[in-house]
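One letter stands for each residue in the lines below.
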Amino acid sequence: MTLTGKNILGFNHSAKGSKTFFAINPFTQENLNTPHYEATQEEVGQAVVLAEVAFKSYKEKNNVDKAIFLETIAEEILALGNALIQTGQLETGLPEGRLTEERVRTMNQLKLFATLLREGSWVDARIDFADPNREPFPKPDTRQMQRPLGPVGVFGASNFPLAFSVAGGDTASALAAGCPVVVKGHPAHPGTSELVGVAITKAAKKCNMPGGIFSLVQGISVDVGLSIVEHPLIKAIGFTGSYQGGKALFDVANKREEPIPVYAEMGSSNPVFILPEILKQKKETIAEGLKNSILLGVGQFCTNPGLIITNATEEGQVFEKLLASEIKKSPSATMLTPNIQNAYNKGLEKLKANPSVDLLSKGIANDGATQGITELLKTTGKDFLSNKDLEKENFGPSSILINTEDSSEMLAIAKSLKGHLTATIHGTEDDLKNHLELVKILERKVGRLLLNQYPTGVEVCQSMVHGGPFPATTDSQMTSVGAGAITRFTRPVCFQNFPEFLLPAELKTPNPLGISRIENAKRI
């Protein structure tokens, strides 16, 4: 299809504003051909009002209808064919294989929530039947389940133009919960966003969904996003991006007359702890694995291993040389945008200006614009503990190797950490028995704790947690990936003394949906 550059407001395209912007080809740093219209405040307001109107009917849709809708979105995304992949390549510099895999992941996320809806027990139905003969007071009939919040604002991410963007996990989970969505597309890939937005509207029409169930507004100014967050009909926000961006939206949402939840995933440095015995046995394998993890996606993953903590023993020194050698052989690659590259390079310069940080190894610089060159830096455990700025994420293909004097210093580093998305431990069984406290400490610092693997790569499944304590996210009780993401956009509602005909199907006494429920404190 031909790109229009227009915003999508329900089933209509709109270009009321005079401001336009262009996607940039990161290979050449030249503007692409299509001008994209920045949404006006009026257009954002129209999208939100349409979403509120749609909510009144969409929240009453049964789970099967919503599941079919999600599955149809996946089908329509696939039907975009090569046009989607080629547009994504032009706008992001990502290779065809990566985008093809990301399309599969995006479709699988939609299908995961469709499966969740068909099974039905996610609503956490709880029933306490009435007991009129209870003394000294009769017991009322009370029934509880999760119900949708209302229109949700979603902000697309720069580093995943499909899986964390227009039809990504935030949109999929919000739609599954019964909430219409207004998406703020990321300005790095507006054409890709438009294509996916059209696919969603096609699916909505095919499934007889209300027109305002989905809208896509675009723009490079912060005004577009703020208009979504500040609109009184928006009931929650999903965001993936920088700490600065996520925290700013969180602050605005909490200053509203009616504060709303902002589920912001803001990245982390994902510390990797390498214990003594495994270092003796598998230092070569770990060095290669870490190099691959650091380089994956040119380091532009929120799970990139930015901190590597090990002991300054003879084995540690050998490992340091192995990892430095792996990094030195690593070629640079094209980053997503010139702005991301500039921020990465400035972050490196700031780190290297610190007298306690040394450059250990640097990768090969390839020709071409927007190249991300891998760098491995080095510091001591003592210096890391005295300079907390070293813990901050530098978004790109770099990492800091931290040499500790002993296990107690390693534990001190673990205790000093702020919230992160992941922490990784490499260790033998004996290592783990000797470092039980490390495991207990890290459990409180992250949303996902890995053993003898690498943090990059987030499985889309029922049990995944992609979240963590602040500042990795604004709400450590939630995940942005996996089935648990759906409850970000719901709230528990209790129905007391309701007749059967007024109850949702999930709470009716005969259990017509056959879902798992808690009845009088027993799981049925």
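The preceding data block contains the structure.
Positions within a chain are numbered from 1, following the residues in the order the chain's sequence is written. Under the rules for a predicted model, residues below a pLDDT of 70 receive no local features and side-chain atom pairs below 80 are neither given nor counted, while totals for whole chains, interfaces and linings still include all residues. Working from all heavy atoms in the structure, the side-chain values ignore hydrogens and water.

(A) Here's a closer look at the overall build of the protein. Helix numbering and strand numbering both begin at the N terminus, where a helix is a DSSP run of H or I of at least 4 residues and a strand a DSSP run of E of at least 2. Of regular secondary structure, the protein possesses 15 helices and 25 strands. Counting only C-alpha atoms and orienting by the principal axes, one finds that the protein spans roughly 75 × 65 × 40 Å. Here the protein holds 524 residues, and 56% of them are scored as buried. Pairs at least 24 apart in sequence give 77% of the contacts found in the protein among residues at least 6 apart. Working note: accessible area of the protein is about 21,900 Å², and carbon and sulfur atoms make up 52% of it. The charge count treats Lys and Arg as positive and Asp and Glu as negative. His and the chain ends do not count. Just so you know, the charge point we use is NZ for Lys, CZ for Arg, CG for Asp and CD for Glu. For the protein, the centre of its 53 positive side-chain charges and the centre of its 56 negative side-chain charges are spaced 3 Å apart. Each residue is assigned to one of three classes by its accessible area relative to the maximum for its type, calculated with a 1.4 Å probe on protein chains only: buried under 20%, partly exposed between the two thresholds, exposed over 50%. In what follows, a contact means two residues having at least one pair of non-hydrogen atoms within 4.5 Å. In these tables, accessible area is a Shrake-Rupley quantity obtained with a 1.4 Å probe, and a residue counts as shielded only by the protein chains included in the view.

(B) Region of the structure containing the side chain of Asn63. In this fold, Asn63 is placed in helix H2 (residues 63-79). Residue contacts for Asn63: discarding those within four places in its chain leaves Leu117, Gly120, Trp122 and Glu506.

(C) Representation of the packing of aromatic side chains. Planes of paired rings set the category: under 30 degrees apart is stacked, over 60 is edge-to-face and the rest tilted, where pairs are Phe, Tyr or Trp rings (Trp by its six-membered ring) whose centres lie within 6.5 Å. Inspection of the entire model under this criterion finds seven aromatic pairs. Aromatic pair Phe160 and Phe301: ring centres 5.3 Å apart, planes at 20°, arrangement stacked. Placement of Phe160 in the loop between strand S9 (152-155) and helix H5 (169-177) and of Phe301 in the loop between helix H9 (276-295) and strand S15 (307-311) is noted, with a sequence separation of 141 residues between them. Note on Phe160: relative accessible area 10%, which makes it buried. Put simply, the rings of Phe160, Phe164 and Phe301 touch in pairs and so form one group of aromatic residues.

(D) View of the packing of helix H3 (residues 82-92) against helix H4 (residues 96-119). Think of each axis as a best-fit line through the C-alpha atoms, taken over the contacting stretch in the case of a helix, with angles from 0 to 180 degrees between the N-to-C directions. In contact at an axis separation of 9 Å, H3 and H4 are set at 120° when each is read in the N-to-C sense. As the angle between them shows, H3 and H4 are arranged oblique. In this structure, H3 meets H4 at a crossing whose hand is right-handed. Counted together, Leu84, Ile85, Gly88, Gln89 and Thr92 of H3 and Glu96, Leu99, Thr100 and Arg103 of H4 form the full contact between these two elements. These descriptions rest on fixed angle ranges, namely under 35 degrees for roughly parallel, over 145 for roughly antiparallel, 65 to 115 for roughly perpendicular, and the rest for oblique. Crossings are sorted by hand: turned counterclockwise from the far helix by less than a right angle, the near helix makes the crossing left-handed, and turned clockwise it makes it right-handed.

(E) Representation of the side chain of Ser330 within the structure. The residue Ser330 is located in the loop between helix H10 (314-328) and strand S16 (333-334) in this model. For Ser330, the contacting residues outside a window of four places in its chain are Lys291, Leu295, Gly363, Ile364 and Thr374.

(F) Highlighting the pairing of strand S19 (residues 375-380). At least two DSSP bridges between two strands are needed for those strands to be called paired. Relative to S19, strand S17 (residues 358-362) runs antiparallel, the two being bridged by four bridges. Opposite Lys362, over in S19, you have Glu375 as the bridge partner. Of the pairings in the sheet, the one linking S19 to strand S20 (residues 398-404) comprises six bridges and is parallel in character. Looking at S20, one finds that Thr379 is bridged to Ile402.

(G) Region of interest: a nonpolar patch on the surface. Taken together, the side chains of Phe498, Phe501 and Leu502 define a hydrophobic patch exposed on the protein surface, amounting to about 340 Å² of accessible area. For Phe501, the location among the structural elements is in the loop between strand S23 (490-496) and strand S24 (518-519). A residue counts toward a patch only above 30% relative accessible area and without a salt bridge, and it is joined to like-charged neighbours within 9 Å or, for Val, Leu, Ile, Met, Phe, Trp and Tyr, to nonpolar neighbours within 5 Å. Whenever a carboxyl oxygen of Asp or Glu lies within 4 Å of a side-chain nitrogen of Lys or Arg, that contact is scored as a salt bridge.

(H) The nonpolar core, seen in detail. Here, nonpolar core means buried Ala, Val, Leu, Ile, Met, Phe, Trp, Tyr and Cys residues that are tied together by side-chain atoms lying within 4.5 Å of each other. Counting residues in each nonpolar core, the largest one holds 57 residues, and the members touching the most others are Phe69, Leu70 and Ile73. Contributions of two or more residues to this core are made by H2, H4, S9, H5, strand S10 (181-184), helix H6 (190-206), strand S11 (214-217) and S23. Examining the composition of this core, we find that seven residues originate from one element, H6, more than from any other. Those residues in contact with Ile73 that lie beyond four places of it in its chain are Leu110, Leu175, Ile200 and Ala203. Formed by 31 residues, the second largest nonpolar core is a distinct cluster that contains Tyr344, Val357, Ile441 and Val446.

(I) Geometry of the sheet that holds S10. Strand order in this open sheet of seven strands is S2-S1-S11-S10-S9-S12-S13, and the pairing throughout is mixed. Two strands bound the open sheet, and with one partner strand each, they are strand S2 (12-14) and strand S13 (262-265). Neighbouring strand axes in the sheet, compared pairwise and without regard to direction, differ in orientation by 20° on average. Relative to S11, H6 is tilted by about 165°, and along the sheet it contacts strand S1 (7-9), S2 and S11. This element, helix H8 (residues 243-255), spans S9, strand S12 (236-240) and S13 of the sheet and lies at about 170° to S13.

(J) Region of interest: the sheet that holds strand S21 (residues 422-426). Pairing is mixed in the open sheet, where seven strands are placed in the order S17-S19-S20-S15-S14-S21-S22. Looking along the sheet, the strands with just one partner apiece sit at the ends: S17 and strand S22 (448-451). On average, each strand axis in the sheet is tilted by 20° relative to the strand beside it, whichever way the strands run. Bridge analysis of S21 against S22 gives four bridges, and the strand direction is parallel. Of the residues in S22, the one forming a bridge with Ile425 is Leu451. Of the strands in this sheet, strand S14 (272-274), S15, S20 and S21 are in contact with H9, which crosses S14 at around 150°. The sheet contacts of helix H11 (residues 338-352) involve S17, S19 and S20, and relative to S19 the element is tilted by about 30°.

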